[in-house]
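# Close look at the chain arrangement
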Amino acid sequence: MAIVRFRPQYLVLAVAVFAVLVLIETQLDSGFVRFSVGDALVVVLLYGIIMAVSTWSRFASAMVSLLIAYAVETSQALDLVERLGITPNRFTDVVLGNTFTWSDMAAYTVGIVFTLVAEAILGSRTSA
């Protein structure tokens with residue numbers, strides 16, 4: 001049984017979402033799009049990467065994406081970067097974040113719900 005399956009459409013999704021996230025990160029300093037939409041898109045990026053290279057179902061990929069995002073956010077609440085002796089820098093701030101907020105957890109959840117709904121709608125159109 002294969003555990004890796006390349007699905008190029010999901011790689012395209014991941015690259016497109018990554019490009020949007022880079023634009024948000026570099027062009028916006030604050031606001032709803034920077035913090036809430038950006039966080040929601042992070043789980044879409046993770047989902048696209050997982051779906052691009054795995055044989056997992058949409059639901060399993062979505063749940064793993066959400067759990068990764070939750071884990072990173074939880075690591076912020078636990079000050080994991082500091083506890084590991086890592087000097088905070090731009091890279092750790094972007095990849096691991098630096099401040100826990102419940103609104104980020106909500107944004108991740110909304111992002112995955114949106115992704116699953118979009119997949120259900122698009123899936124029903126392509127299979128009809």
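Residues numbered from 1 in each chain as written. Predicted model: local features only at pLDDT ≥ 70, side-chain atom pairs only at ≥ 80, totals over all residues. Heavy atoms only, no water.

This part takes up the layout of surface pockets. The volume enclosed by the largest pocket comes to roughly 950 Å³. Around the largest pocket sit 30 residues that line it, and Glu-25, Asp-39, Val-42, Asp-93 and Val-94 are the ones nearest its centre. When contributions to the lining of the largest pocket are tallied by element, the ones reaching two or more residues are helix 1 (8–27), helix 2 (32–53), helix 3 (58–77), helix 5 (90–96) and helix 6 (102–127). Among the elements that make up the lining of the largest pocket, the one with the highest residue count is helix 2 (8 residues). Taken together, 12 residues make up the lining of the second largest pocket; nearest its centre are Tyr-10, Leu-13, Ala-118, Glu-119 and Leu-122. Residue assignment for the lining of the second largest pocket shows that the elements contributing at least two residues are helix 1 and helix 6. (1 Å grid on protein atoms, 1.4 Å probe; cavity = no way out; pocket = protein on both sides within 12 Å on 5 of 7 lines; lining within 4 Å. Points joined across faces, edges and corners; volume = space filled by probe spheres on them. Helix = DSSP H or I, 4+ residues; strand = E, 2+ residues; numbered from the N terminus.)

Turning to the nonpolar core, a few remarks are in order. Across soluble globular proteins, you tend to see nonpolar side chains buried next to one another. Among the nonpolar cores identified, the biggest contains 11 residues, and these are Tyr-10, Val-43, Tyr-47, Met-51, Ala-52, Ala-62, Leu-66, Ala-69, Met-105, Tyr-108 and Ile-112. Non-local contacts of Ala-69, meaning those with residues more than four positions away in its chain, are made with Val-43, Leu-46 and Tyr-108. With 7 residues, the next largest nonpolar core counts Ala-14, Val-17, Val-44 and Leu-45 among its residues. (Core = buried A, V, L, I, M, F, W, Y, C linked by side-chain atoms within 4.5 Å. Buried < 20%, exposed > 50% of the residue type's maximum accessible area, 1.4 Å probe, protein only. Contact = heavy atoms within 4.5 Å.)

Okay, the pattern of salt bridges next. Inspection of every chain in the model, using the stated rule, returns 3 salt bridges. Salt bridges sharing partners connect three or more residues here, namely Glu-25, Arg-34 and Arg-90. (Salt bridge = Lys/Arg side-chain N within 4 Å of Asp/Glu carboxyl O.)

Below, the discussion takes up the side chain of Asp-104. In this fold, Asp-104 is placed in helix 6. One buried charged residue, Asp-104, remains without a salt bridge, the closest side chain of opposite sign being Arg-34 at 9.9 Å. Those residues in contact with Asp-104 that sit more than four places away from it in its chain are Asp-39, Glu-73 and Thr-99. (Lys, Arg positive; Asp, Glu negative; His and termini not counted.)

Before going further, it helps to examine the packing of helix 1 against helix 2. Two numbers describe how helix 1 lies on helix 2: the axes approach to 8 Å, and their chain directions differ by 155°. Looking at the two axes, helix 1 sits roughly antiparallel to helix 2. In this structure, helix 1 crosses over helix 2, and the sense of that crossing is left-handed. Across from Tyr-10, Leu-11, Leu-13, Ala-14, Val-17, Phe-18, Val-20, Leu-21, Ile-24 and Glu-25 in helix 1, the residues of helix 2 making contact are Val-33, Arg-34, Gly-38, Leu-41, Val-42, Val-44, Leu-45, Tyr-47, Gly-48, Ile-49, Met-51 and Ala-52. Tallied by class, residues from the contact of helix 1 with helix 2 come to 18 nonpolar, 2 polar and 2 charged. (Axes fitted to C-alpha atoms, helices over the stretch in contact; angles between N-to-C directions. Parallel < 35°, antiparallel > 145°, perpendicular 65-115°, else oblique. Left-handed = near helix turned anticlockwise from the far one by under 90°. Nonpolar A, V, L, I, M, F, W, Y, C, P; charged D, E, K, R; others polar.)

Our next topic: the packing of helix 2 against helix 3. Packing of helix 2 against helix 3 brings their axes to within 9 Å, and their N-to-C directions diverge by 135°. Judged by the inter-axis angle, helix 2 sits oblique to helix 3. The chirality of how helix 2 crosses helix 3 is right-handed. Residues Val-43, Leu-46, Tyr-47, Ile-50 and Met-51 of helix 2 pack against Arg-58, Ser-61, Ala-62, Val-64, Ser-65, Leu-66, Ile-68 and Ala-69 of helix 3. Across the contact of helix 2 with helix 3, the residue classes tally to 10 nonpolar, 2 polar and 1 charged.

This next bit is on unusual backbone geometry. Unlike most non-glycine residues, Asp-79 shows phi in positive territory, near 50°. The topology assignment puts Asp-79 in the loop between helix 3 and helix 4 (80–83). Under the relative-accessibility criterion, Asp-79 is labelled partly exposed at 42%.

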